[in-house]
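# Per-entry structural report
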Amino acid sequence: MLSRRLFAGAAAAAGTTALLAERVQAQAQAPAPAGASGESTIDRVKSRKVLRIAALAGEAPYFNKDLANGQWSGMCIDMANDIAKVFDGKVEYVESTYGNSVLDLQAGKIDLAFSLNPTPLRALVIDFTHAFYMHGFGMVGKKGFTATNWAELNKPEVKIAVDIGSVHEISARRFAPKATIIGFKMRDECILAVQSGRADCVILAVNLGLTAVKKNPQLGEFQMLHQPRVQLPTCMGIHQEADRRWRDFLNAWVDFNRGTQQIREWLYNGLAINGVKPEDVPADVEF
């Protein structure tokens, strides 16, 4: 079982210190009406045939914006288009960040925020759908360095790179407390530390790890870590409102598309943006 602190500290697929800012903002703001007239989200989407979503540039496999033509692609874009199609509607993009998308929901600027971890703090101010996939955590080692469980990392001679304040750091300190943990401000610095040999490995979520290996041939393999297997649910965030039809519809949509493996297909299509192929995904990775 993961600790309450671990879940509270998780941000997005990978987790960042943005949640510290969310704590202050969430306490200061109460949920706003879904629309200016107070109409429910589902009625607004049905009548206007527009689905407003938070779009995050540079967050493949979920979101990717082509700077040349302004076109959006990615897993969550495919998901949003499929949801809008049910209402014969179109998708409207509101550029945001993981932290700001929570505030955008509260302010009624968007109808849907994708790829959020349902932390207890966030659940105080927004609602969440069922998880559309479980995001696991593992490690990328330097060439020749391998590990399949946390115990293999839990040694003083093992140097682990982590981005400070992230769920990666929290996991490393919780499950490999005896290791030599080296903190960096940026995730890219962690990868460079492994690439240069200053660290033996870096703790990363699946999507980040697979992308890092594909972009940096000098790195070793991405491997899932077991005993325990750390996974966080990835959900859609929605506005808190008394009318539950929007949440119920989205839960049915998630359950159907996850059950038919359509969401898995969209995820693989999103990973392909960074050159990650299905055969690059380790057999023990479960989405």
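In short, a report on the structure. (Residues numbered from 1 in each chain as written. Predicted model: local features only at pLDDT ≥ 70, side-chain atom pairs only at ≥ 80, totals over all residues. Heavy atoms only, no water.)

### As for the overall build of the chain
- When helices and strands are counted, the chain shows 12 helices and 12 strands.
- Across the 287 residues in the chain, those meeting the buried criterion constitute 53%.
- Taking the contacts inside the chain whose residues are at least 6 apart along the sequence as the reference set, 72% of them involve residues at least 24 apart.
- For the chain, the exposed area adds up to about 12,800 Å²; of that, 52% sits on carbon and sulfur atoms. (Helix = DSSP H or I, 4+ residues; strand = E, 2+ residues; numbered from the N terminus. Buried < 20%, exposed > 50% of the residue type's maximum accessible area, 1.4 Å probe, protein only. Contact = heavy atoms within 4.5 Å. Areas by Shrake-Rupley, 256 points an atom, 1.4 Å probe, with all protein chains shown as cover.)

### Looking at the pattern of salt bridges
- Scanning the model with the defined rule gives 11 salt bridges in all.
- With a shortest N-O distance of 2.9 Å, Arg48 and Glu39 are connected by a salt bridge.
- For Glu39, a relative accessible area of 21% corresponds to the partly exposed category.
- Within this structure, Asp43, Asp243 and Arg245 form a network of salt bridges that share partners. (Salt bridge = Lys/Arg side-chain N within 4 Å of Asp/Glu carboxyl O.)

### Some remarks on unusual backbone geometry
- In the segment running from Ala60 into Pro61, the intervening peptide bond is cis, with an omega of 15°.
- For Pro61, the position within the fold is in the loop between strand E1 (50–55) and strand E2 (64–65).
- The omega angle of the peptide bond from Gln227 to Pro228 is 5°, so this bond is cis rather than trans.
- With respect to the helices and strands, the residue Pro228 is situated in the loop between strand E11 (219–224) and strand E12 (231–238).
- Although it is not a glycine, Asp88 sits at a positive phi angle of roughly 55°.
- Of the residues examined, Asp88 reaches a relative accessible area of 64% and is grouped as exposed.
- For Gln261, which is not glycine, the phi torsion reads 70° and is therefore positive.

### Let's talk about helix H4 (residues 75–86)
- With 12 residues, H4 ought to run about 16 Å at 1.5 Å a step, and its terminal C-alpha atoms sit 18 Å apart, in line with that.
- All of the buried residues in H4 are Met75, Cys76, Ile77, Met79, Ala80, Asp82, Ile83 and Ala84.
- Directly beyond the C-terminal end of H4, a positive phi value near 55° is found at Asp88. (Expected span 1.5 Å × (residues − 1).)

### Brief notes about the packing of helix H11 (residues 245–259) against helix H12 (residues 262–271)
- Where H11 contacts H12, the axes come no closer than 5 Å and their chain directions differ by 75°. Here H12 runs roughly perpendicular to H11, going by the angle between their axes. The residues of H12 that touch H11, namely those facing Trp253, Val254, Asn257 and Arg258, are Gln262, Ile263 and Trp266.
- Counted by class, the contact of H11 with H12 contains four nonpolar, two polar and one charged residues. (Axes fitted to C-alpha atoms, helices over the stretch in contact; angles between N-to-C directions. Parallel < 35°, antiparallel > 145°, perpendicular 65-115°, else oblique. Nonpolar A, V, L, I, M, F, W, Y, C, P; charged D, E, K, R; others polar.)

### Looking at the pairing of E12
- With eight of eight residues buried, E12 lies mostly within the body of the structure.
- Note: strand E5 (residues 113–116) against E12, two bridges, orientation antiparallel. Looking at the pairing, Ala113 lines up with Gly237 of E12.
- Pairing between strand E6 (residues 127–128) and E12: two bridges, direction antiparallel. (Pairing = 2+ DSSP bridges.)

### What about helix H10 (residues 206–215)?
- Regarding H10, the residues found buried are Val206, Asn207, Gly209, Leu210, Thr211 and Ala212.
- Of the surrounding elements, those touching the buried residues of H10 are strand E7 (133–142), helix H9 (187–196), strand E10 (201–205), E11 and H12.

### Some remarks on the packing of aromatic side chains
- Applying the stated criterion to the full structure yields eight aromatic pairs.
- Ring geometry for Trp253 and Trp266: centres 5.8 Å apart, planes at 10°, overall stacked. With a gap of 13 residues between them, Trp253 in helix H11 and Trp266 in helix H12 connect regions that are remote in the sequence.
- By way of ring pairs, the aromatic residues Phe63, Trp72 and Tyr93 are connected into one cluster. (Phe/Tyr/Trp six-rings, centres within 6.5 Å; stacked < 30°, edge-to-face > 60°.)

On their own, these measurements won't tell you what the molecule is for.
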